[in-house]
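Listed below are the residues making up each chain.
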Amino acid sequence: DLDAELFRSTYLPAAVAQEVLAENERPLEHHLAALRLLDQATEVPTVLGILAIGYDPTAFIAGAYLQFVRYRGDDESAPIADDEELRGNLIGQLSTLERLLKANITTAVVDAGGLTQHDRPTYPLPALREVILNAYAHRNYESSNAPIGVRWFDDRVEVLSPGGPFGAVTATNYRQRNDYRNPSLAAALKHLGYVNRFGRGMALIEKLLVDNGKPPAEFEIDGQWWSVTLRQAS
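Residue numbers run consecutively from 1 along every chain, following the written order of its sequence. Only residues with pLDDT of at least 70 get local features here, since the model is predicted, and only at 80 or more are side-chain atom pairs given and counted; chain-wide, interface and lining totals rely on the full set of residues. With hydrogens and water set aside, each side-chain value is computed from the structure's full complement of heavy atoms.

Enquirer: Help me understand helix α1 (residues 4-17), please; the structure alone is not making it clear to me.
Expert: An α-helix turns once per 3.6 residues; consequently, residues spaced three or four apart project the same way. The terminal C-alpha atoms of α1 lie 18 Å apart, and with 14 residues this matches the ideal 20 Å at 1.5 Å per residue to within 8%. In this scheme, the bend at a residue equals the angle between the axes fitted to the seven residues that finish there and the seven that begin there. Secondary structure elements follow DSSP: runs of H or I of four or more residues count as helices, runs of E of two or more count as strands, with numbering from the N terminus. The largest bend along α1 reaches roughly 35° and is located at Y11, with the proline P13 sitting one to four residues downstream. Note on exposure labels: buried denotes an accessible area under 20% of the residue type's maximum, exposed denotes more than 50%, and partly exposed covers the range between, all computed with a 1.4 Å probe on protein chains only. Those residues of α1 not exposed but buried are L6, F7, Y11, L12, A14 and A15. In what follows, residue pairs with any heavy atoms lying within 4.5 Å of each other are defined as contacts. The secondary structure elements touched by the buried residues of α1 are α2 (28-34), α3 (47-53), α4 (90-104) and α6 (183-191). For the purposes of these results, a polar contact is taken to be a pair of N or O atoms within 3.5 Å, where, inside protein, one atom must be able to donate a hydrogen and its partner to accept one; residues adjacent in sequence count only when each atom of the pair is a side-chain atom. With a side-chain oxygen lying 3.2 Å from the backbone nitrogen of E5, the N-terminal cap of α1 falls on D3. Here the expected length of a helix is defined as 1.5 Å per residue gap, with one fewer gap than residues.

Enquirer: Please clarify how the pairing of strand β7 (residues 148-152) should be interpreted in this entry.
Expert: For a regular strand, side-chain orientation follows a simple rule: the groups alternate between the two sheet faces. Extensive coverage of β7 is indicated by the burial of four of its five residues. Whether two strands pair depends on DSSP finding at least two bridges between them. Pairing of strand β3 (residues 66-71) with β7 involves five bridges; the strand directions are parallel. What sits directly across from L66, in β7, is I148. Judged from the four bridges that link them, β7 and strand β8 (residues 156-162) form a sheet pairing that is antiparallel. Among the inter-strand pairings, V150 is bridged to a residue of β8, identified as V159. Counted along the chain from β7 to the antiparallel partner β8, the turn is three residues long.

Enquirer: Help me understand α4, please; the structure alone is not making it clear to me.
Expert: The terminal C-alpha atoms of α4 lie 21 Å apart, and with 15 residues this matches the ideal 21 Å at 1.5 Å per residue to within 8%. Within α4, the full set of buried residues consists of L90, I91, Q93, L94, L97, L100, L101 and N104. In this structure N89 caps α4, since a side-chain oxygen of it lies 3.3 Å from the backbone nitrogen of I91.

Enquirer: How should the sheet that holds strand β4 (residues 80-86) be read in this particular structure?
Expert: Strands belonging to one sheet form pairs held by backbone hydrogen bonds; the direction of such a pair is parallel or antiparallel. Reading across the sheet, the six strands line up as β4-β3-β7-β8-β10-β9 and stay open at both edges, with mixed pairing between neighbours. In the strand order of this sheet, the two ends are held by β4 and β9 (218-221), each with one partner. The average angle at which neighbouring strand axes cross in this sheet is 10°, direction not considered. Only C-alpha atoms enter the line fits that serve as axes; for helices the fit covers just the stretch in contact. Angles between N-to-C directions range over 0 to 180 degrees. Its contacts with the sheet put α4 on β3, β4 and β7, and the angle it makes with β4 is roughly 165°. Here helix α5 (residues 125-138) sits on the sheet in contact with β3, β7, β8 and β10 (225-231), set at roughly 15° to β8.

Enquirer: Any chance you could explain unusual backbone geometry here in plain terms?
Expert: Across residues other than glycine, the phi torsion is negative in most instances, and most of the peptide bonds are trans. Phi is positive for R36, close to 65°, though the residue is something other than glycine. Of note, R36 is situated in the loop between α2 and β1 (38-39). Of note, the phi angle at E43 is positive, near 60°, even though the residue is not glycine. With respect to the helices and strands, E43 occurs in the loop between β1 and β2 (44-45).

Enquirer: Any chance you could explain the packing of α4 against α5 here in plain terms?
Expert: Between two packed helices, what matters for the description is the angle formed by their axes and the separation of those axes. The contact between α4 and α5 brings their axes to 11 Å, and the two run at 150°. In terms of their interaxial angle, α4 and α5 are classed as roughly antiparallel. When you trace α4 past α5, the crossing you get is right-handed. When α4 is examined against α5, the residues L90, Q93, L94, L97, E98, L101 and K102 are found in contact with a partner set consisting of L125, L128, R129, I132, L133 and Y136. In what follows, roughly perpendicular refers to angles from 65 to 115 degrees, roughly parallel to angles under 35, roughly antiparallel to angles over 145, and oblique to any angle outside these ranges. Note on convention: the crossing is left-handed when the near helix lies turned anticlockwise from the far helix by less than a right angle, right-handed when the turn is clockwise.

Enquirer: Please explain the side chain of T122 as it appears in this structure.
Expert: Mapping T122 onto the fold places it in the loop between β6 (117-121) and α5. Not counting residues up to four positions away in its chain, the partners in contact with T122 are N104, I105, T106, K214 and Q232.

Enquirer: Would you take a moment to explain the packing of aromatic side chains for this structure?
Expert: Given two aromatic rings, one states the distance between the centres and the angle between the planes to describe the pair. Only Phe, Tyr and Trp rings are paired, with Trp represented by its six-membered ring, and only when their centres lie within 6.5 Å; those with planes under 30 degrees apart are stacked, over 60 edge-to-face, the remainder tilted. Scanning the entire structure with this criterion turns up four aromatic pairs. Geometrically, the ring pair formed by F68 and W152 is tilted, given 6.2 Å between the ring centres and 55° between the ring planes. In this pair, F68 is assigned in strand β3 and W152 in strand β7, connecting sequence segments 84 residues apart. For the residue pair F68 and W152, the accessibility class agrees, reading buried in each case. Between Y123 and W152 the ring centres are 5.5 Å apart and the planes differ by 90°, which places this aromatic pair in the edge-to-face class. Note that Y123 is positioned in the loop between β6 and α5 and W152 in strand β7, a separation of 29 residues in sequence. Relative accessible area serves as the criterion here: at 1%, Y123 is assigned to the buried category. We classify W152 as buried; its relative accessible area is 1%. When the NZ atom of lysine or the CZ atom of arginine is within 6 Å of a ring's centre and also within 35 degrees of its normal, the charge is said to sit over that ring. Above the ring of Y141, the side-chain terminus of R139 is found at 4.5 Å from the ring centroid.

Have a look at this one:
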């Protein structure tokens, strides 16, 4: 159920580079167990292993995918320009997601004063990536079969994540507090280089939006869902 070649070619080198695991001649199973991808006693993949390097995660975890929809308009009644379900393991999903985001961002050249100009994308790619990576890291895989949703309209992008606030985080303190529903998954994202540090996603998103001349992110939170909206203009 685990893609051993993907582990050898991508996951293991990333873990070694992050100094999470020493490179040595131990058997593959020992490396997998050390990174919490395999239960060494039973030789059964862990949930993290299935999500990160499994051949077919949704065969075991129904909601372990992302649904991307691009609309030609400002609401869900508009015609659909693109609709993709990103299935497969985390590494494959995030690789495809990078392509989708870049394909849908457009860039304008704007005057910066005097004779200078600079590029201004419709959305800063790092901010979009951070919002969606947060959705992967903090979503509820246990009691929701819904996917992460990315809904791209002409004037905004909405990212929906199953699972409300967790632990010390509430609907009122989420900008100041941080907690981890899926700590092993968050660590795996760090090993793979998708995130650099824990606990700074909110501040980073806000800074990236301000630097790009965009409005602040809008958050809607209830007991079952997070929704984050990025807008092109106020």
